[in-house]
Amino acid sequence: MNRSRRKNWNTVNAASLARWIVLTAFLALTGLSYVYLTLQLYHLGDRKKALENELASLRTQNDVANVQIAALTSRSALQRRLKEGYLKMMPIAEHNIVRLTIPVRSTEDTIQPVANQRAGR
Amino acid sequence: MKWNSRTRCTLVCLGFILLFSGFSFRLVYLQMLKHDEYAGLAAEKHVYKQPIYAERGAIFDANNEVLAHNVPCQTVVADATHLNNLDAIVDLVGVELKIPKSELAEKLRGDRRYIVLKRAVPEALADSLREKLQVQNLHGVYFEHDSARIYPNGSMLCHVIGFTDFEHHGIQGVEASMDQYLHGEDGYRYIEHNRAGQEIVLYRGQERASRNGYQVHLTVDLNLQNIVENEIDAAMREYSPKKATIILMRPQTGEILAMANRPHFDLNLRADAKPEQMKNRAIIDMMEPGSTFKIVSAAAALNEHKVQPDSTIFCENGLWNFGGTALHDHKPFADLSVKDILVKSSNIGAAKLALGVGEQKFYEYIRRFGFGERTGIELPGEIPGLIRPPQAWSKISITRIPMGHEIGVTPLQMTLAMAAIANGGKLMTPRIVKSVTDADGKTVSTLSPTMLRQVISPQTARQIGDALRGVVSDRGTAAAAAVPGFIIAGKTGTAQKVDPKGGYDKDKYVVSFSGYLPADRPEFVGLVVLDDAQTSKPELNYGGLVAGPIFSRIAEKAARYLDLEPHEEIRKALPVARVALTNASRR
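All values reported here derive from a predicted model rather than from experimental measurement. (Residues numbered from 1 in each chain as written. Chains lettered and ligands numbered in written order. Predicted model: local features only at pLDDT ≥ 70, side-chain atom pairs only at ≥ 80, totals over all residues.)

J.: Got a minute to help me understand the overall build of chain B in this structure?
T.: A count of helices and strands for chain B gives 20 helices and 22 strands. Its C-alpha atoms put chain B at 140 × 60 × 50 Å along the principal axes. For chain B, the residues scored as buried account for 45% of the 587 residues in total. Here the analysis covers contacts within chain B between residues at least 6 apart in sequence; of these, 73% occur between residues at least 24 apart. (Helix = DSSP H or I, 4+ residues; strand = E, 2+ residues; numbered from the N terminus. Buried ≥ 20, exposed ≤ 12 C-beta atoms within 10 Å, placed from the backbone. Contact = placed C-beta atoms within 7 Å.)

The following block contains the structure:
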């Protein structure tokens, strides 16, 4: 009996089994990694989109602020404030102006970016 | 055939081969032959070409002050097929966007699916409305990115800057003429979205970045423009003219430093403006220039060496019958030098100078000064004026044209002619655009000064300039145009207005003054034109008395701003009684 039983047993090739286990584990890990990385990519994409939206929002706020600054510092606005008395301007008296150099006069044909270089900004 | 196991096996294998070959052929058919068609159909379902909007470029003055720029905003639209609670939406949107509810309901109940509810809605308001719609679970109202064009200075320089339509295409002024630079190019990005309509960033496809519009820098200096605007407003209050134009220009380069017209309008409220207010009269209005045009006849005669500055012309004691028609001077003059013909503004003297030159030659000089052709300034809608060829002249035209009648010129053309005198006879192309840069300030294009032609010799220009200095003296017609500390050269003009019924209207005048400062080395040329100014007495309605003082005030302030040093001893401007207001203008 014992003898016949021993005869029906299959021998297990431990090396081969180990190889298959390692291969399967590797494949499983690869699969899991793929899924994990793909999910990470989706997640990063969402983060990228959120950051883009935030950046666009900040840009918009910046543009709105720029427009407000331009409106408040525009010539018309400043003149209005001057008329309303919020601003006051004092003319500079001639004796308070110190002329360090005599303005350089260009020759007749020279093209200048401004009429007077000192007045140009 | 013997059906043994081998045969059966072969048949089964063949069956499988045929089956999988069929699958393979089908796959090849679908994936290769029909790929584009099915890929397109699939893409239609979930791929979307998302536009990346380019921003319109800003406009700056010569000192980089903002004249026009954009503010982000939203356009609120509705999809009629997605509206889930019409009454609630009308109530909420009507209140938030300040649209009458009846009007809004009518819009939403119409046949159209895509309905624009309101444009240029501020971002903050759009955010607030979006939240309220979400809270109340109302669907069908959407927000589209947009931007609104803002002009921080309102009505200042309105005719030059111009404006855009709601699709951001320039339709007037620099906005229109420089539209190809300002507009920019929209970009795009192919995106895929999920069932909820959210973008799957992972599957972003082809992308092309947008290119924002270039920035346009004008030659106009807002400080000088402000001076001009204040003075033109003061003139409107004082004289109540129907129209007024003032131009300041740098003669050496043709750069326009300031340009103002009345009536005008607020660029931010352009929907309320009338067509009459929107006209840039400096380039689209034609006027008879009057005596300022005498510089052309004097320049032609001197340049052709028909006369010398000191040559004397008999001015017929104020009345000359020519071609069966009488020609008058405003005062009787006997012998006048060529110089004094300009100083005293003698019509008869100017007519005799032109006669000496001859019709054809005089016509050539008129054209050489740039009259009868567009100046080429970067502004849309410019007219060439009206100069008839000598073949179409009447017998007396040669005596009327030299005094600025029977011709039509634009204020800009008149300014250019004076600038040619100031610039040693060189006629420059006027420029309003200085440069074009990208958003980082890198220069894309610079517009350099262009000399159109040498109209007259520098010597002739100097001789005319000397005569024009006399105009702004106690001997001349424009003593009131003097500026303390500076020598000014200029010429007055007083032209009767053409009566639509024929002939000239006796009581209506176009008064003007064109001059430059300092006379020996001009930094700017200016022109002041008032159409039908109201004065207390008709005899006070002269260019020298009305337009001259306005030029004087502008020139004085401009000289201070440009830090020009006085070239002669400080002297007071000649005291000239200011023209009293009429009752009409007091209103």
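J.: Is there a simple way to explain the interface of chain B and chain A in this structure?
T.: Many descriptions give the size of an interface as the accessible area lost when the pieces come together. Every contact between the two is made by 31 residues of chain B and, on the other side, 24 residues of chain A. Only strand E3 (66–79), strand E7 (199–200) and helix H9 (222–239) of chain B provide two or more residues apiece to the side of chain B that touches chain A. No other element matches E3(B), which puts five residues into the side of chain B that touches chain A. Considered class by class, the residues forming the side of chain B that touches chain A number 15 nonpolar, nine polar and seven charged. (Nonpolar A, V, L, I, M, F, W, Y, C, P; charged D, E, K, R; others polar.)

J.: I keep staring at H9(B) and nothing clicks. Help me out?
T.: Turn by turn, an α-helix covers 3.6 residues, leaving residues three or four places apart pointing in a common direction. Here H9(B) contains 18 residues, and its C-alpha end-to-end distance of 25 Å stays within 8% of the 26 Å for a straight helix at 1.5 Å per residue. Buried residues dominate H9(B), accounting for 13 of its 18 residues. (Expected span 1.5 Å × (residues − 1).)

J.: Teacher, can you tell me more about the nonpolar core here?
T.: All names here are of chain B. Counting residues in each nonpolar core, the largest one holds 152 residues, and the members touching the most others are Val220 and Ala298. Summarising the domain contributions, this core has at least three residues from each of domain 1 (50–188) and domain 2 (222–586). Once residues within four sequence positions are removed from consideration, Ala298 is found in contact with Val338, Ile341, Leu342, Leu353, Ile464 and Ala467. (Core = buried A, V, L, I, M, F, W, Y, C linked by C-beta atoms within 7 Å. Domains from an automatic or database assignment.)

J.: Explain the pairing of strand E22 (residues 524–531) of chain B here, please?
T.: Side chains on a regular strand alternate between the two faces of the sheet. Residue and element names in this part refer to chain B. Of all eight residues making up E22, eight are buried, and the element is well covered by its neighbours. Burial along E22 is two-sided: Phe524, Gly526, Val528 and Leu530 and Val525, Leu527, Val529 and Asp531, pointing in opposite directions, are all buried. Sheet topology places strand E10 (residues 243–250) next to E22; seven bridges connect them, and they run antiparallel. Looking at the pairing, Met249 lines up with Val525 of E22. The pairing of strand E21 (residues 504–517) with E22 spans eight bridges and is antiparallel. (Pairing = 2+ DSSP bridges.)

J.: I would appreciate a short explanation of the sheet that holds E22(B) in the present structure.
T.: Strands in a sheet are paired, the pairing made by backbone hydrogen bonds, and the direction either parallel or antiparallel. Residues and elements named next belong to chain B. With respect to topology, five strands assemble into an open sheet ordered E11-E10-E22-E21-E20, the strand pairing being antiparallel. The open sheet terminates on both sides in strands that have one partner only, identified here as strand E11 (255–262) and strand E20 (489–498). Direction aside, neighbouring strands of the sheet carry axes that sit 10 degrees apart on average. For E10 and E11, the ladder comprises seven bridges, and the chain directions are antiparallel. Counted as the bridge partner of Ile246 is Ala260 from E11. Seen against the sheet, H9 touches E10, E11 and E22 and runs at an angle of roughly 25 degrees to E11. (Axes fitted to C-alpha atoms, helices over the stretch in contact; angles between N-to-C directions.)

J.: I keep staring at the domain arrangement of chain B and nothing clicks. Help me out?
T.: Residue and element names in this part refer to chain B. Here chain B is partitioned into domain 1 (50–188) and domain 2 (222–586). Look at where the C-alpha atoms of domain 1 and domain 2 centre, and you get two points 44 Å apart. Domain 1 puts 22 residues into the contact, and the matching count from domain 2 is 20 residues. At the level of elements, helix H6 (158–161) and helix H7 (173–177) are the ones that each hand at least two residues to the side of domain 1 that touches domain 2. When grouped by side-chain class, the residues that make up the side of domain 1 that touches domain 2 number 13 nonpolar, seven polar and two charged.

J.: I would appreciate a short explanation of the environment of His145(B) in the present structure.
T.: Residues and elements named next belong to chain B. Mapped onto the elements of the fold, His145 is located in strand E5 (residues 141–150). C-beta crowding within 10 Å serves as the criterion here: with 15 such atoms nearby, His145 is assigned to the partly exposed category. Expressed as a C-alpha distance, the spacing of His145 and Leu564, which sit 419 residues apart in the sequence, is 49 Å. Excluding residues that lie within four positions of it along the chain, His145 makes contacts with Tyr53 and Gln74.

J.: Quick question: what am I supposed to make of the packing of helix H12 (residues 294–303) of chain B against helix H18 (residues 458–471) of chain B here?
T.: Each pair of packed helices gets described by two things: the angle between the helix axes and the distance between those axes. Residues and elements named next belong to chain B. Running from N to C, H12 and H18 cross one another at 135 degrees; their axes reach a closest spacing of 9 Å. Comparing their axes, H18 and H12 come out oblique. Both H12 and H18 take part in a crossing whose hand is right-handed. Packed against H12, whose contacting residues are Ile295, Ala298, Ala299, Leu302 and Asn303, the element H18 presents Thr460, Gln463, Ile464 and Ala467 at the interface. Its residues placed into classes, the contact of H12 with H18 shows six nonpolar, three polar and no charged. (Parallel < 35°, antiparallel > 145°, perpendicular 65-115°, else oblique. Left-handed = near helix turned anticlockwise from the far one by under 90°.)

J.: Explain the packing of H12(B) against helix H14 (residues 347–357) of chain B here, please?
T.: Residues and elements named next belong to chain B. Interhelical geometry of H12 versus H14 gives an angle of 40 degrees and a closest axis separation of 9 Å. On the basis of the axis angle, H12 is oblique to H14. For the element pair H12 and H14, the recorded crossing hand is left-handed. Of the residues in H14, those in contact with Lys294, Ser297, Ala298, Ala300 and Ala301 of H12 are Ala350, Leu353, Ala354, Gly356 and Val357.

J.: Before we go on, may I ask you to explain the confidence of the model for chain A in this structure?
T.: As a general rule, the predicted coordinates of low-pLDDT regions are not to be interpreted in detail. Residues and elements named next belong to chain A. Averaged over all residues, the pLDDT of chain A is 77; the fraction at 70 or higher stands at 74%. Model confidence for chain A, summarised as mean pLDDT per element, is weakest for helix H1 (residues 2–8) at 59 and strongest for helix H2 (residues 14–72) at 92. Overall, residues 103–121 carries pLDDT values under 50, and its contacts beyond four positions in sequence, including any with other chains, amount to 27 contacts. (pLDDT = per-residue confidence, 0-100.)

J.: How should unusual backbone geometry be read in this particular structure?
T.: Of all residues except glycine, most have a negative phi; of all peptide bonds, most are trans. Residue and element names in this part refer to chain B. A cis amide bond, omega 0 degrees, links Arg262 with the succeeding residue Pro263. Position of Pro263 relative to the elements: it lies in the loop between E11 and helix H10 (275–278). Residues Leu517 and Pro518 are joined by a peptide bond in cis, for which omega reads -20 degrees. Mapped onto the elements, Pro518 comes out in the loop between E21 and E22. At Asn317, a residue that is not glycine, the phi angle is positive and equals roughly 55 degrees. Locating Asn317 in the fold gives a position in the loop between strand E12 (312–314) and strand E13 (319–322). Residue Asp563 is not a glycine yet carries a positive backbone phi of 60 degrees. Checked against the element boundaries, Asp563 lands in the loop between helix H19 (543–561) and helix H20 (583–586).

J.: Is there a simple way to think about H19(B) in this case?
T.: Residue and element names in this part refer to chain B. Under the 1.5 Å per step criterion, the end-to-end length of H19 is 25 Å for 19 residues, consistent within 8% with the ideal 27 Å. Counting buried residues along H19, 14 of its 19 residues qualify, which places the element largely inside the surrounding structure. Following H19 by one or two positions, Asp563 adopts a phi angle in the positive range, close to 60 degrees.

J.: Before we go on, may I ask you to explain the confidence of the model for chain B in this structure?
T.: Chain-level pLDDT for chain B is 89 on average; 96% of the residues reach the 70-or-more range. Across the predicted assembly, pTM comes out at 0.81 and ipTM at 0.72.

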